[in-house]
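# Chain and residue survey
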Amino acid sequence: LTGTWTAGLGATYYPGGHLGFVGEAQLVNTAISDGCRLLSNSGSEKNAEVCSSIDGASNASMSAALSVGAILRTASRAKVSPYVRLQGGGFFGNLNTTAMQGTFANENSELVIVPIYPGSSESSFSFQFTFGAGVTVPVAKAYHLRFEGRGTTYSMDVVTGATGSFGSEPNTGSKWITQFSILAGIDLVLERKRGRRY
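So, a few notes on the structure that sits alongside this text. (Residues numbered from 1 in each chain as written. Predicted model: local features only at pLDDT ≥ 70, side-chain atom pairs only at ≥ 80, totals over all residues. Heavy atoms only, no water.)

### Overview of the packing of aromatic side chains
Definition in use: Note on aromatic contacts: the rings of Phe and Tyr and the six-membered ring of Trp form a pair at centre separations within 6.5 Å, being stacked when their planes are under 30 degrees apart, edge-to-face when over 60 apart, and tilted otherwise. Helix and strand definitions here come from DSSP, where helices need a minimum of 4 consecutive H or I residues and strands a minimum of 2 consecutive E residues; each element is numbered from the N-terminal end. The buried label goes to any residue with under 20% of its type's maximum accessible area, the exposed label to any with over 50%, and the partly exposed label to all in between, with areas taken from a 1.4 Å probe on protein chains only. As a reminder, the over-ring test applies to NZ of lysine and CZ of arginine, requiring each to be within 6 Å of the ring centre and within 35 degrees of the ring normal.
Here the structure, examined in full by the defined rule, presents four aromatic pairs. Taking 4.1 Å as the distance between ring centres and 15° as the angle between the ring planes, the aromatic pair formed by Phe91 and Tyr154 counts as stacked. With Phe91 in strand S4 (residues 81–94) and Tyr154 in strand S8 (residues 143–161), the pair connects residues that are 63 residues apart, well separated along the chain. On the basis of relative accessibility, which here comes to 7%, the residue Phe91 falls in the buried class. When its relative accessible area of 1% is taken as the criterion, Tyr154 is described as buried. Here Phe92 and Phe125 contribute two aromatic rings whose centre-to-centre distance is 5.1 Å and whose plane-to-plane angle is 50°, an arrangement assigned as tilted. Taken together, the residues Phe92 in strand S4 and Phe125 in strand S7 (residues 123–140) connect sequence positions 33 residues apart. The aromatic ring of Tyr14 is capped on one face by Arg73, whose charged end is 3.6 Å from the ring centroid.

### Things to note about the pairing of S4
Basically, it comes down to this: When DSSP finds at least two bridges between two strands, those strands are taken to pair.
Relative to S4, strand S3 (residues 58–73) runs antiparallel, the two being bridged by ten bridges. Paired with Ile71 across the bridge in S4 is Arg85.

Listed below in structure tokens is the structure:
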């Protein structure tokens, strides 16, 4: 996995001054970069070309993360209000993380595709868990700036062993990974005060 970007929209409800409940939707530009290293050299230039075509190749696709959870803040009326959050939900991936192919040029200088791992469906689903900590800073009557660091844990399909024969489906399994990110955003604050009509 490589560094990338994400954009999200969320809503938080505070029934009291400290504990709140949050719902969030995020678009994640999931990106991967492939690598290849020859463990032995049979003398075949085609093997070296295929490995070279794989090494450094990249692919990206949009994924979606939906989650709900709780947020706990302190000093809600202060200039800087720290908080922590814990959320859980689903991660809907749209990137095949087990497929692998390379290319080499034949005697007519035409590219020949070599399917190392055919791969399966590009769509995937995983439960995901998010822990975050940050601060909010009021900049106007109804607007706060938000700065947060968070870690999101979810599972991805990975290849766990060599194929039984050329062109067959590889042995696959799930691997839990944690991605860390830094977020900056703007909060629109809607506050209801007792004894006041709107």
